[in-house]
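Topology and contacts: notes
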Amino acid sequence: MNEKQIVSVTLQITLIVVVLALIAGQFLGQPILLSFVETGSMEPTIETGDGFVAIPTELAGEITEGDVVVFEAEEIQGGGLTTHRIVGETEQGYITQGDANPFTDQDSDEPPVQKPQIVAVAWQPGGDVFTIPWLGAVVGGVRSVLESLQVWLAQLFGTRAFLGLQGLGYLLFGASLLLYLLAVYLEDDRRRERTSDRDTGTSSRKLMAVLTLVVVAGATAAMIAPAQNQEFGIVSAEFESDSPDVIEQGTSESFDYRLRNTGVVPTVVFLESNSETLAVEPGRTTLSPRSATNATVTITAPPETGYYRTFLEQHRYLRILPTPVIEELYAVHAWAPIVVIDAVVAVPFYLFGMWLLGTGRLRSQKRKRKSWLS
């Protein structure tokens with residue numbers, strides 16, 4: 001493979017990674033590697049439709065004033081992911097504001113942003129946000145095509161299984177299977193050996209790289225998608241109440257928190273509280289395929305009356321590794337098990353595909369034929 005081919009393959013794979021990451025992030029409601037803005041609230045820093053590198057909060061380090069963050073808003077445009085800059089910090093949380101907005105979000109009834117609400121931090125090399133022009137338009141177009149395909153499949157087969165994130169997973173799996181079958185067919189076709197050297201010897205590697213990325217994207221989505229932080233808002237009151245959101249000051253209330261695994265692979269779930277007012281038991285549990293269980297959440301109302309928010313953090317991992325290994329990796333960093341599990345899935349998948357397609361043998365034959373003709 002010459003330098004030109006290497007650059008071409010690298011660019012194509014990078015483009016596929018970008019599109020897959022952005023589409024998966026849109027379905028998950030959680031940026032993966034990249035994100036983009038859909039309004040002009042961050043202009044001129046980030047123009048409408050521009051993309052940016054989104055670093056997960058767990059990897060971004062300390063969040064400080066001046067950072068541009070992606071957070072789960074409660075009031076802004078009805079709630080949802082919002083990209084704004086942190087302009088201050090109080091005991092209640094962060095103060096945020098769009099660069100194009102004259103007022104802070106908190107002046108517009110958005111509560112101070114808590115750290116668990118922040119899902120990503122924009123990469124700012126040299127202090128300026130690194131942007132990718134028009135990335136949002138590309139993702140929007142591809143997502144529209146995928147959603148139309150999902151709706152068509154759901155109507156054709158009469159099932160909702162093809163809709164949403166689960167349906168996207170089915171599409172990725174189906175695409176992988178079709179590409180595999182196509183590659184095997186082309187491998188057995190003698191006409192493939194008469195194509196130019198530029199078309200052979202690298203196509204199998206490119207194909208397997210794409211298939212591996214698709215499989216890794218699916219595995220990562222299966223771990224990230226269900227692991228959303230849960231917010232609990234309660235009122236610490238001077239009196240008892242039958243309402244589950246009102247707790248007498250200084251007392252505690254417990255309730256069941258339902259955990260489900262709708263997949264076909266066992267999943268290890270870790271639950272953590274971000275404050276002393278919330279406790280959860282057990283902190284770790286394993287869910288069998290297509291099963292459910294309850295954890296017990298206990299919330300203690302502070303001595304002072306008022307409205308309080310607390311968050312339950314959840315992390316999920318496919319139990320492809322032994323549970324003790326996942327626990328050790330989780331103790332290092334919440335993303336460490338995802339990285340290792342993805343590698344355990346990707347490497348054997350890629351190597352098996354290369355063995356099946358036999359790229360090296362095709363390259364050797366092509367070089368011999370070129371030498372004879374010359």
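Residues numbered from 1 in each chain as written. Predicted model: local features only at pLDDT ≥ 70, side-chain atom pairs only at ≥ 80, totals over all residues. Heavy atoms only, no water.

Description of the sheet that holds strand β10 (residues 252-261)
The strands that make up a sheet pair up through hydrogen bonds in the backbone, lying either parallel or antiparallel. Strand order in this open sheet of three strands is β10-β14-β12, and the pairing throughout is antiparallel. The open sheet has two edge strands, β10 and β12 (278-281), and neither has a second partner. Strand-to-strand twist across the sheet, computed as the mean angle between neighbouring axes with direction ignored, equals 25 degrees. Alignment of β12 against strand β14 (residues 291-300), held across four bridges, turns out to be antiparallel. Bridge pairing in β14 places A279 opposite T298. (Pairing = 2+ DSSP bridges. Helix = DSSP H or I, 4+ residues; strand = E, 2+ residues; numbered from the N terminus. Axes fitted to C-alpha atoms, helices over the stretch in contact; angles between N-to-C directions.)

Describing the pattern of salt bridges
Going through the model one piece at a time under the given rule, you end up with four salt bridges. A salt bridge links D99 to R85, with the nearest nitrogen and oxygen atoms 2.8 Å apart. Taken together, the positions of D99 in the loop between β5 (93-97) and β6 (118-122) and R85 in strand β4 (residues 80-90) put the pair 14 residues apart, joining distant regions of the chain. Residue D99 is classed as partly exposed on the basis of its relative accessible area of 29%. Since its relative accessible area comes to 18%, R85 is described here as buried. (Salt bridge = Lys/Arg side-chain N within 4 Å of Asp/Glu carboxyl O. Buried < 20%, exposed > 50% of the residue type's maximum accessible area, 1.4 Å probe, protein only.)

Concerning helix α3 (residues 135-157)
Along its 23 residues, α3 runs 33 Å from first to last C-alpha, staying within 8% of the 33 Å computed at 1.5 Å per residue. Of all the positions in α3, only L135, G136, V139, L146, Q150, L153 and A154 are classed as buried. Backbone geometry just downstream of α3 places G158 in the positive-phi region, at approximately 65 degrees. (Expected span 1.5 Å × (residues − 1).)

Re the sheet that holds strand β15 (residues 306-318)
In spatial order, the strands read β9-β8-β15-β11-β13; together these five strands make up an open sheet with mixed pairing. Each having just a single partner strand, β9 (246-248) and β13 (284-287) make up the two edges of the open sheet. Each strand of the sheet is rotated relative to its neighbour by a mean of 30 degrees, with strand direction disregarded. Where strand β8 (residues 230-237) meets β15, seven bridges bridge the pair, whose relative direction is antiparallel. Counted as the bridge partner of V235 is Y307 from β15.

Structural notes on unusual backbone geometry
Omega for the peptide link from E43 to P44 comes to 0 degrees, which places this bond in the cis form. Residues E281 and P282 are joined by a peptide bond in cis, for which omega reads -5 degrees. Tracing the backbone through its elements, the reader meets P282 in the loop between β12 and β13. The backbone of Q77 sits at a positive phi, close to 50 degrees, despite the residue not being glycine. Take Q77: it is sitting in the loop between β3 (68-73) and β4. Residue class for Q77 comes out exposed when judged on its relative accessible area of 71%. In this structure, D109 takes a positive phi of about 75 degrees despite not being glycine.

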